[in-house]
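Tertiary structure, described
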Amino acid sequence: MRSNLKIRINSILQKTNVEGPGTRFCIWVQGCSIHCVGCANSALWDKNGGKEYSVSEIVGMINCNRQEIEGVTFLGGEPLEQIKPVTEIAKHVQQMGLSVLVFTGYEYNQLKSNSDFCELEKFVDILIDGKYEKDKRDFSRPWVGSSNQNYYFLSDRYDESILSKYRSKFEIRLNNGEVALNGMGDFEKLKKVLKL
Ligand code: SF4
């Protein structure tokens, strides 16, 4: 495929089991203007940080993994602040027969009147909305960190029953001697245990 659209990304995990249903290709989109108090990803706030990729490059990477993944998860940062390239990638992911999960700090009810969002939501199976609210910290539900966040099932692919099959979990990786963590849970406690 050819697309001139570009997207700034902080990091990519080609296979992870803790960022949505099944094994997923996960994209941490760079840039977020919401600035939740207690955000664990403040390094992703700067919209000029990370690295620029073409949409074609990202779709190519996903395509190489398509046999081994259930879908793609967009998180950040704030995926909706780069909504056009995210939509283009999501469209190709659906064409591959894979699922799409998008996290956003914005609220679904406010997004529904936005025409760009209406285009994106055609290609999204699960949307998880809402800011991280420190005072509502809660890891009892899968993949989310605070109790105000909501799951929206926007296609027939999944429904609420999927939530009882998963729990919030971490993955710990060693990358060239550096420890990398992803998933959801009490990162501060984990870092103390691991002496990071
Ligand atoms: S929306 Fe997400 S990335 Fe943005 S500040 Fe809130 S928790 Fe952090």
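The structure displayed is predicted, hence computed values, not measured ones.

Observations concerning helix α1 (residues 55–65)
- Within α1 the residues assigned to the buried category are V55, I58, V59, I62 and N65. The buried residues of α1 occupy one face: seen down the axis, they fall within an arc of 120°.

With respect to the nonpolar core
- By size, the foremost hydrophobic cluster in this structure holds 30 residues, and its most contacted members are I27, I62, F74 and I89.
- Contributing elements (two or more residues each) for this core: β1 (6–16), β2 (24–29), α1, β4 (71–76), α2 (83–95), β5 (99–103), α3 (108–111) and α4 (115–121).
- Per element, the largest residue contribution to this core is five residues, and it comes from α2.
- Aside from chain neighbours lying at most four places away, what touches F74 is I27, V29, P79, V86, I89, A90, V100, L101, V102 and F103.
- Counting 15 residues, the second-largest nonpolar core is a separate cluster that includes L13, L44, I162 and L163.

Examining the pairing of strand β6 (residues 126–129)
- In β6, alternate side chains face the same way, and those of I126 and I128 on one face and L127 and D129 on the other are all buried.
- Sheet topology places β5 next to β6; three bridges connect them, and they run parallel. Bridging across to β6, F103 finds its partner in I128.
- Strand direction decides the pairing type here: β6 and strand β7 (residues 150–153), joined by four bridges, are antiparallel. By the bridge assignment, I128 is partnered in β7 with Y151.

About the criteria used
- Numbering of residues starts from 1 in every chain and runs along the sequence as written.
- pLDDT decides what is reported in this predicted model: residues at 70 or higher carry local features, side-chain atom pairs at 80 or more are listed and counted, and totals for whole chains, interfaces and linings draw on all residues regardless.
- Excluded from the side-chain calculation are hydrogens and water; included are all heavy atoms of the structure.
- Burial classification: accessible surface area is computed with a 1.4 Å probe over protein chains only, and a residue below 20% of its type maximum counts as buried, one above 50% as exposed, and the rest as partly exposed.
- Only DSSP runs of H or I with at least four residues qualify as helices, and only runs of E with at least two residues qualify as strands; both kinds are numbered from the N terminus onward.
- Here the arc refers to the directions that run from the helix axis out to each C-beta atom.
- Buried residues of nine kinds, namely Ala, Val, Leu, Ile, Met, Phe, Trp, Tyr and Cys, make up a nonpolar core once their side-chain atoms join them within 4.5 Å.
- Every residue pair with non-hydrogen atoms within 4.5 Å of one another is taken to be in contact.
- A pair of strands is considered paired only if DSSP assigns at least 2 bridges between the two.

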